[in-house]
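Summary of structural features
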Amino acid sequence: MRRLLLLYGLAMTTAVLVAFLIPLGLLARSLAQERALDAGRQDAQGVAVFAGGVAADAARLEAAVLDVNAGPRTTTVFRPDGSLVGPAAPVSTAVEVAAGGRALTARTDGGVEVLLPVGGADGVSVVRTFVPDGELTAGVAQAWLVLAGVGAVVLAATVTAADRIAARLSRSVLDLATVAGRLGAGDLTARVEPSGPREVVAVGHVLNGLGARVSALLADERELVADLSHRLRTPITALRLDTELLTDPAEREQVTGHVDQLVAGLDAVLWAARHPAHEGATGRCDAAAVVRERGAFWEVLASEQGRVLTVEAAGPAEVAVGADELGAALDVLIDNVFSHTPDGTAFRLAVERDAVGTGDAPVVRVVVEDDGPGFVDLRLAERGRSGAGSTGLGLDVARRTAERAGGRLVLGNGATGGARIVLELPALREP
């Protein structure tokens, strides 16, 4: 931006200088020519006083010619009888016209000749003063140099002033961009010190207000989630106490495990609500092991609803996601199958490995695929969108889990026409 403003100032100043200096240069050349021609006319007129006399005045005429010829110009008198007074000069067409009684100025080789006819008793004499090109352009080069110097000084002053103004303005805008980048990266404490032009200062105040507003909204959201989690702990504690009253040890152990999972999930939600700036992946796990474990967990419910669950997750598949986080995302996707497909709909859990993925890096694909009706709108992964009246947060949780690990969530329809959801995660080297 600073460079752009500097170039803009130079362009405007250059245009102004060209508009003024070139006409001034042309005027200086015109004035030099007029000055030289006026001097030539004065020489011709000084000699013409003696050119109209009789032959007895020849000595005075020669003296006058010698006097004016002491300078850079040369004056010659063409007498009616064809004789010359002064240096030899060609009889040009302009001289012949002047002999007819017409004063004129004509261009000739090497300069300009000023012709003045003088009538006398013997006829018409022509006084010719030759003004060379050197005198016609005398001082023009110096004038152009002065004008060029003035232009250079003006350009230098423009560069200095424009650079300072642009530096101040660009610094203000750069501060805005830096703070905006920090806010976008999650640093909600970032604030800008408004400076620069009034409009930039206004943007700075708006940006600070936006940061404060977002901080307040996130704080309210965290407190709301925290309050909700604390409210849920009381009934969960009561549920845990009730499980102790179960007489069947196996049933008591199973229900206790479910309660422990519920508490762990609640703690994870509370931690996420209090750490909104967390964007990176945490830990690592074997995606195949997580898929097998979650498949075994959901197998009971699938059997009750007459669903055929197929699990294809052989061998280790290390990914940069914690086992709990990946398990929670996988539970969200499996729950969608139970929520949005009729009983008896088969589904499949699989772990697929691909040597080349996004960015030419090895990837692991965790697949949840069912034989249901499939997706009608593939934009359902957006937060707040759902095709069944829910909040749409489930797919968003899975998407964020994949993106924190450097992967992505891919929605589509499988070979049978049912929904196919893929958590595409960068593969890690096995330990």
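Description of the structure in this document.

**Considerations on the overall build of the chain**
Along the backbone of the chain there are ten helices and twelve strands. Across the 431 residues that make up the chain, the buried fraction comes to 35%. Counting contacts in the chain only where the partners sit at least 6 residues apart, residues at least 24 apart contribute 63% of the total. Summed over all atoms, the accessible surface of the chain reaches about 24000 Å², with 60% contributed by carbon and sulfur.

**A closer look at the pattern of salt bridges**
For the coordinates displayed, the defined rule picks out 18 salt bridges. Here R294 and D331 are joined by a salt bridge, their closest N and O atoms 2.9 Å apart. One end of the pair, R294, is in helix α8 (residues 287-304); the other, D331, is in helix α9 (residues 323-340), and 37 residues separate them in sequence. Each member of the pair R294 and D331 is classed as buried. A salt bridge links D343 to R307; its shortest N-O distance comes to 3.9 Å.

**So, the sheet that holds strand β9 (residues 347-354)**
Sheet architecture is open: five strands sit in the order β7-β9-β10-β12-β11, paired in mixed fashion. Every interior strand has two partners, whereas the edge strands, β7 (309-312) and β11 (408-413), have only one. Averaged over all adjacent pairs, the angle separating strand axes in this sheet is 20°, with direction ignored. Pairing of β7 with β9 involves four bridges; the strand directions are parallel. From the neighbouring strand, T310 faces β9, where its bridge partner is R348.

**Re the nonpolar core**
In this structure, V319, L326, F347 and L423 are the most contacted members of the largest nonpolar core, which totals 36 residues. Elements represented by at least two residues in this core include exactly α8, α9, β9, β10 (363-370), α10 (393-404), β11 and β12 (419-426). By residue number, the principal contributor to this core is α9, which donates seven residues. Contacts of L326, omitting those with residues within four sequence positions, involve C285, A287, V290, V319, V321, L423 and L425. One finds V47, L61, V65 and V127 within the second-largest nonpolar core, a separate group that totals eleven residues.

**Observations concerning the pairing of β11**
Successive residues of a regular strand alternate their side chains across the two faces of the sheet. As defined by bridge partners, β11 adjoins β12 across six bridges and the pair is classed as antiparallel. Along β12, the bridge assignment pairs L409 with L423. The hairpin turn running from β11 into β12, its antiparallel successor, is five residues long, and G417 in that turn takes a positive phi close to 95°.

The rules we used
- Residues numbered from 1 in each chain as written.
- Predicted model: local features only at pLDDT ≥ 70, side-chain atom pairs only at ≥ 80, totals over all residues.
- Heavy atoms only, no water.
- Helix = DSSP H or I, 4+ residues; strand = E, 2+ residues; numbered from the N terminus.
- Buried < 20%, exposed > 50% of the residue type's maximum accessible area, 1.4 Å probe, protein only.
- Contact = heavy atoms within 4.5 Å.
- Areas by Shrake-Rupley, 256 points an atom, 1.4 Å probe, with all protein chains shown as cover.
- Salt bridge = Lys/Arg side-chain N within 4 Å of Asp/Glu carboxyl O.
- Pairing = 2+ DSSP bridges.
- Axes fitted to C-alpha atoms, helices over the stretch in contact; angles between N-to-C directions.
- Core = buried A, V, L, I, M, F, W, Y, C linked by side-chain atoms within 4.5 Å.

These figures capture arrangement, not role.
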